[in-house]
Structure formats: C-alpha cells, structure tokens
Amino acid sequence: MTQLPVLNLSSEATGTTPAGRRASLPPRHLADLDLAGRRAAVAELGEPAFRAQQVSAHYFGRLVREPAAMTDLPARTREAITGTLLPRLLEPVSELATDNGTTRKTLWRLHDGSLVESVLMGYPDRVTVCVSSQAGCGMACPFCATGQAGLTRNLSTAEIVDQVVWFAGLAARGALPGCPDRLSRVVFMGMGEPLANYNRVIAAVRRLTEPAPEGLGLSQRHITVSTVGLVPGIRRLTQEGLSVTLALSLHAPDDDLRDTLVPVNQRWKVAEVLDAAFEYAARTGRRVSIEYAMIRDVNDHPWRADLLGRLLSGRLAHVNLIPLNPTPGSKWDASPKPVEREFVRRLRAAGVPTTVRDTRGREIDGACGQLAASGGGKVGERENGLLARRANEETQ
C-alpha cells in the first residue's frame, strides 16, 4: 500500500459534518447548469455570454480548473468569472494507492465538512472511476459499512461530476502506469443509493455524456447506475431514453433472506424488483447486471443458486458475483472458493452468464463494501469503507 500526500487540514476537517453546522448543498457550479444557464450566470456579471463556453471548454475539454491557466479570459475579470462558475467543491483529505498505483482511492471533504470517497481504477484497456452520489447511505444493508453509517445528505450534480472530472484530469496526466490516459467509464457504485438522489444523478449522467464544452463526452453505454431496488426509480430510468447499464444489487433470490440483507425489499419484493429491471432491459436493449455478494453460509447455498438461475434464465441479465470484502467488526465473511465455484457452475448450467468480480483495492479499503469516510485519529488511518459497489466492466 502506498500513502500519497495528505493535505494539511485542520482536525475539524477530518470529522463528519462539524458540530453546530447543518449539512447543506454547495454553491452553484457550472456542472449544475446547462450551457444556457452558464451563459446567463456570466451575463449577470456583465460579461459576454461566450465566456461561459470558454470556461466550460477548460473544465470539460481540457480538464483544467485553475483560473491562472485560463489565459483566454481577461485578467481583470478572470477571478470573478471562475469564482461564479467554478467554486471549489472537493478538497482531497487523503489519497491511497495500491495495485502498483493503478487503483487510487480519495477521501474528499465537501464544503460543509461532509466526507465522501471515490476510487479510480486503471486497466490496460480502460480507466474507470467509481463515484459517490450521497454522503453516507440510508439503505441500511447490514453487511455494508456504508449502509450502517446512515445518510448525511445527497450530493449536488456538480459534486458528483467533479469527482469524475478530477480523476479524468489525473488519468490525463499519466498518473496510472500502463493504463490509457483517458477516463472512459463511470460507475455510480460509491457511497449512497443513486436512485434515492434521482434528479441529480440523472443530471450528472447527462453532463458526463454530453459533448464538450457542454459536458465530458463519455459514452452512455460506459456509464453504470446501481440500485438496491428502488422500483419507482428504475421505472423512471426506463423512461429517460438513456442507454446506461443498470446494476441491481440483489444479494438474495428469495424474499425471506432479502428482507434482511436488503431492507428495502420489505417495500418492493424480489419479483417486483426483477420485473422493473427486466422492463428496463427490454426498453433499452441493455443487459442488466445482477450484483450478488457471496456471504458464507448466508446466501451461498446451492438451492439459492438454482433459484436465481430459474429467475434469470432466458432474461437479458448477467450475474456479477462479489466475494464479500471484510469491514471492521462485521460478523459476515466471504464464501469459500469451492462454494463460490459451485454457485457459478449452477448459474451457468441454467444458461445465466456469470462472472466473479475483481477484488482490487482491498488493501486500501477501496474494494466492494469497504469505502470509508469515517473521522477520528490521523487522516487515512481509520477509513473503514463506505460502499463502493464497482461494476464489472465486462458487462459493458
């Protein structure tokens, strides 16, 4: 594990939202606005509207956020323009790297003291960022450190987008050895339930996929949005006309167990959740990724593999098995490899495409279920991990 430089922040910055201050949304940022909105914001300063396009081209096209580098803006008004459109949203508190520098986790402090994490993962053929959409999570899944920590607040559209742009700039500067210098994929599998912050997440998806200078210009097909099964949100997403991948965190094929592992199942049962997911697949032609954490003696029984196979057989779906990663104090443990292999065999025998997720980032608490934004002690020493349900890029 490599410890990267840590900003010299006050002790207050390492905790959760400071005492006596309410969590709040940040100042307006250009990523919160479409191009017309950015032009209007610049016009309010008495500047020509095309200045908004110039700043947008720097931010989304050149991945530049420092005013001094924006020399095509007049020096006398540069600070005012960038202060209006590019307020600082994220401050890196700590950064950790593993896998020879190709997996990097950053703990961010937001403007109100809230803490979130995101992970950058480089491969020989692609670069992926796993982003957070909420500070904390309100879904209360008992095997996930994020869900046990509770929800602080939703992130703004720009706070989500800024994680991606920051890491895109890092990749462009050659920070990932042996990997491409262009970020190509985004997975909404960090802290939070994306569909519980629906409007801002969808706005972020559009901003990430619109061509520069409107947005970052990524392919919709290289965006994955995860959910524990908020059926109304899945149905809304089906109507959006997007071609993103839907990842459903199922974790159990039967209601008796899923009611415990994924408490939202008490509102929307397995059949209803799968029906909504299958409707999304039918409308978009995109294969749904079924996320399934393998938990020893809890959900890894052969009969559950057979049941899951029957539920998914003939459907446009893929199972992504996740070896459970350790979190401090958890009673849960990963399934033994022979059990995992038998689960895979039974699913494939039922005709269901199945893969086992890469567990990269475990050494820095950056693997599935490990992302942390807890305070206390020295920065970076007590990160237990809030959920980072990274999608298996093989499903893209």
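About the cut-offs
Residues numbered from 1 in each chain as written. Predicted model: local features only at pLDDT ≥ 70, side-chain atom pairs only at ≥ 80, totals over all residues. Heavy atoms only, no water. Helix = DSSP H or I, 4+ residues; strand = E, 2+ residues; numbered from the N terminus. Buried < 20%, exposed > 50% of the residue type's maximum accessible area, 1.4 Å probe, protein only. Polar contact = N/O pair within 3.5 Å; in protein donor to acceptor, adjacent residues only side chain to side chain. Contact = heavy atoms within 4.5 Å. Pairing = 2+ DSSP bridges. Right-handed = clockwise from strand over helix to strand, strands pointing away. Core = buried A, V, L, I, M, F, W, Y, C linked by side-chain atoms within 4.5 Å.

Looking at the element boundaries, E159 is found in helix α5 (residues 157–172). According to the relative accessible area criterion, E159 is buried, its value standing at 0%. At 2.9 Å, the side chain of E159 and the side chain of R153 are in polar contact. What E159 contacts, discounting residues up to four positions off in sequence, is P26, L89, L90, L110, H111, R153 and N154.

Burial analysis of strand β11 (residues 288–294) places seven of its seven residues in the buried class, which makes it a mostly covered element. Burial along β11 is two-sided: V288, I290, Y292 and M294 and S289, E291 and A293, pointing in opposite directions, are all buried. Pairing geometry for strand β10 (residues 245–249) and β11, over three bridges, is parallel. Its bridge partner lying in β11, S249 is registered against E291. Viewed along the sheet, the connection from β11 through helix α10 (residues 302–312) into strand β12 (residues 317–323) turns out right-handed.

Further remarks concern the environment of D99. Position of D99 relative to the elements: it lies in the loop between β2 (91–98) and β3 (103–109). Using a relative accessible area of 25% as the deciding quantity, one classes D99 as partly exposed. Note: C-alpha distance between D99 and G122 (23 residues apart in sequence) is 9.3 Å.

What follows covers the nonpolar core. A general tendency of soluble globular proteins is for nonpolar side chains to be buried together. L183, V186, F188, L261, I290 and L312 are the most contacted members of the largest nonpolar core, which totals 103 residues. Discounting chain neighbours no more than four positions away, the residues touching V186 are V129, V131, V164, L208, L218, H222, I223 and T224. Membership of the second largest hydrophobic core comes to seven residues, among which are C130, V187, M189 and A247.

Residues R304, A305, L307, L308, G309 and L312 constitute the buried set of α10. On its buried face, α10 is in contact with α8 (255–261), α9 (270–284), β11, β12 and α11 (337–349). Once α10 finishes, G314 follows within two positions and takes phi at roughly 80°, a positive value.

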